[in-house]
Structure formats: C-alpha cells, structure tokens
Amino acid sequence: MADSKIQRELRQTRPFAAEFQEAGVALLRTSDQLQRRLAAAVEPHGLTVQQYNVLRILRGAHPEAVPTLEIATRMIEQAPGITRLLDRLEAKKLIERVRCSKDRRRVLCTIAPAGLALLAELDRPMFETERDCFASLSGEQIRSLIQLLDDLREGLYSSTQLEPETKEENSK
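Quick caveat: nothing in here was measured; it's all calculated off a predicted structure.

Analysis parameters
- Residues numbered from 1 in each chain as written.
- Predicted model: local features only at pLDDT ≥ 70, side-chain atom pairs only at ≥ 80, totals over all residues.
- Heavy atoms only, no water.
- Helix = DSSP H or I, 4+ residues; strand = E, 2+ residues; numbered from the N terminus.
- Buried < 20%, exposed > 50% of the residue type's maximum accessible area, 1.4 Å probe, protein only.
- Contact = heavy atoms within 4.5 Å.
- Arc of directions from axis to C-beta.
- Core = buried A, V, L, I, M, F, W, Y, C linked by side-chain atoms within 4.5 Å.
- Salt bridge = Lys/Arg side-chain N within 4 Å of Asp/Glu carboxyl O.
- Pairing = 2+ DSSP bridges.
- Axes fitted to C-alpha atoms, helices over the stretch in contact; angles between N-to-C directions.

Participant: Got a minute to help me understand the overall build of the protein chain in this structure?
Facilitator: On a plain count of helices and strands, the protein chain comes out with 8 helices and 3 strands. Secondary structure elements in the protein chain, listed N-terminal to C-terminal, are α-α-α-β-α-α-β-β-α-α-α. Reported as C-alpha extents along the three principal axes, the dimensions of the protein chain are approximately 65 × 35 × 30 Å. When the 172 residues of the protein chain are sorted by exposure, 28% land in the buried category. The long-range share in the protein chain, meaning contacts at least 24 apart out of those at least 6 apart in sequence, stands at 51%.

Given below as structure tokens:
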C-alpha cells in the first residue's frame with residue numbers, strides 16, 4: 001500500500017495495520033488542527049474553546065436557566081471539571097449561577113449580559129474561522145462528512161452505551 005497523506009504528514013515509515021486505524025489517526029489529527037484554529041480565534045478574548053462552548057449553550061437557552069449537569073451533557077467535548085469551568089466564567093462575570101429553589105442540590109446557570117456581548121463580538125470571527133477550516137470542501141463533501149461522522153458516533157454510542165442523555169432524561 002502506498003504512503004497516505006497522514007503517513008507522510010506524521011513521517012510514519014510503516015503502513016497502518018488496518019484502514020480503520022489510519023482513519024482514526026487522521027480523524028484525531030484533523031480534530032487537533034480544527035481545535036487549534038478555533039482556540040486561536042477565542043483565546044485573544046480570554047476564553048478557551050470549552051468556555052466558548054458553554055457560553056453558546058447558555059445563549060441558546062437564554063433567557064432560561066440551564067442546570068450544571070445539562071451543560072456538561074451538551075458540551076461538544078466532555079469536560080470532567082464542569083464546576084471549575086463554570087467558576088472561571090462566573091469570575092469573569094460572563095455567567096450567573098443560582099441554586100434551584102425547588103432542589104437546593106441543583107445549580108442553574110444563565111448567560112450574563114457581558115457573556116452575550118462577548119459572544120456577539122465573537123460571532124463573526126468564529127464564523128469566518130469555521131468557514132475557512134472547511135473551505136477546501138464542497139457543500140456536498142461537507143454534507144457527506146456530516147453523515148459519515150453521524151454514522152461513526154452512532155456506532156460508538158451503540159457499542160459502548162455512551163449515548164448522551166436526551167433533554168427529557170436529564171430533567172427527571
């Protein structure tokens with residue numbers, strides 16, 4: 001088998017044992033490159049990509065409050081330290097947290113006006129960054145990629161029982 005692009009990029013001299021291994025490495029390498037570009041867009045504004053994700057989740061729910069554990073479930077990249085992540089955003093006055101009056105164990109989060117303003121400032125640069133990341137693909141290729149990734153995640157969920165909870169299950 002001829003050297004693939006990912007083999008050359010990684011300067012790997014031996015072939016992968018199986019195509020699925022090559023696909024996994026290529027997916028991880030691509031994800032890393034995408035993460036780095038997104039981070040470069042948000043870091044000048046004092047945010048990490050995970051913090052940006054939390055703010056987007058809260059803006060999407062605004063003006064409703066979102067329980068902490070639901071935020072963790074909805075994160076693109078699962079964050080084991082969701083409380084610390086929220087602590088940092090609250091310290092920057094980008095979110096607000098209150099204890100649920102019906103269940104004091106639950107903490108509800110909302111996006112603060114400063115968080116809404118920061119996201120409004122980031123909307124254009126993030127759109128442009130994401131657009132630039134996918135500029136080498138046609139619309140049809142992007143739709144195919146979305147379908148392939150959906151199929152891969154579905155297989156992962158069914159084989160490991162790690163499927164994310166739905167909103168109804170999380171609110172019980």
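Having seen the model, we can carry on.
Participant: What's the story with helix 5 (residues 82-91) in this structure? I'm lost.
Facilitator: At 3.6 residues per turn, the α-helix brings residues three or four places apart onto the same side. Buried residues of helix 5: Ile82, Leu85, Leu86 and Leu89, and no others. Along the long axis of helix 5, the arc covered by the buried residues comes to 95°, so they all point the same way. The exposed set on the far side of helix 5, more than 90 degrees from its buried face, consists of Arg84 and Ala91. Among the structural elements, helix 3 (49-61), helix 4 (68-74), strand 2 (95-99) and strand 3 (107-111) are those in contact with the buried residues of helix 5. Two residues or fewer past helix 5, Lys93 is found with a positive phi of approximately 65°.

Participant: For this particular structure, what's the right way to read the environment of Val66?
Facilitator: In this structure, Val66 sits in strand 1 (residues 66-67). Setting aside residues no more than four positions away along its own chain, Val66 makes contact with Leu58, Ala61, Ile71, Arg74, Val107, Leu108 and Cys109.

Participant: Help me out: how do you make sense of the nonpolar core in this one?
Facilitator: Soluble globular proteins tend to pack their nonpolar side chains together in the buried interior. Core analysis: the biggest nonpolar cluster contains 29 residues, and Leu47, Val54, Leu55, Leu58 and Ile71 have the highest contact counts within it. Mapped onto this core, the elements with two or more residues apiece are helix 2 (19-42), helix 3, helix 4, helix 5, strand 3 and helix 6 (113-133). When neighbours within four sequence positions are excluded, Leu47 is seen to be in contact with Val42, Tyr52, Leu55, Leu89, Lys92, Leu94, Leu118 and Leu122.

Participant: Looking at this structure, I do not really get the pattern of salt bridges. What am I missing?
Facilitator: It is possible for side chains of opposite charge to pair when their charged atoms get near one another. Within the structure shown, the criterion is met by 9 salt bridges. Here Glu128 ties to Arg124 by a salt bridge, and the two come within 3.3 Å at their closest N and O atoms. You can see Glu128 and its partner Arg124 sitting in helix 6, 4 residues apart, about one turn around the helix. The class of Arg124 is exposed, set by a relative accessible area of 59%.

Participant: Would you mind going over the sheet that holds strand 1 with me for this structure?
Facilitator: Hydrogen bonds along the backbone pair up the strands of a sheet, which may run parallel or antiparallel. Sheet architecture is open: 3 strands sit in the order 1-3-2, paired in antiparallel fashion. Every other strand in the sheet has two partners, leaving strand 1 and strand 2 as the edge strands with one partner each. The pairing of strand 2 with strand 3 spans 5 bridges and is antiparallel. Of the residues in strand 3, the one forming a bridge with Val98 is Leu108. Lying on the sheet, helix 5 is in contact with strand 2 and strand 3; it crosses strand 2 at an angle near 120°.

No statement about biological role is implied by the geometric values presented.
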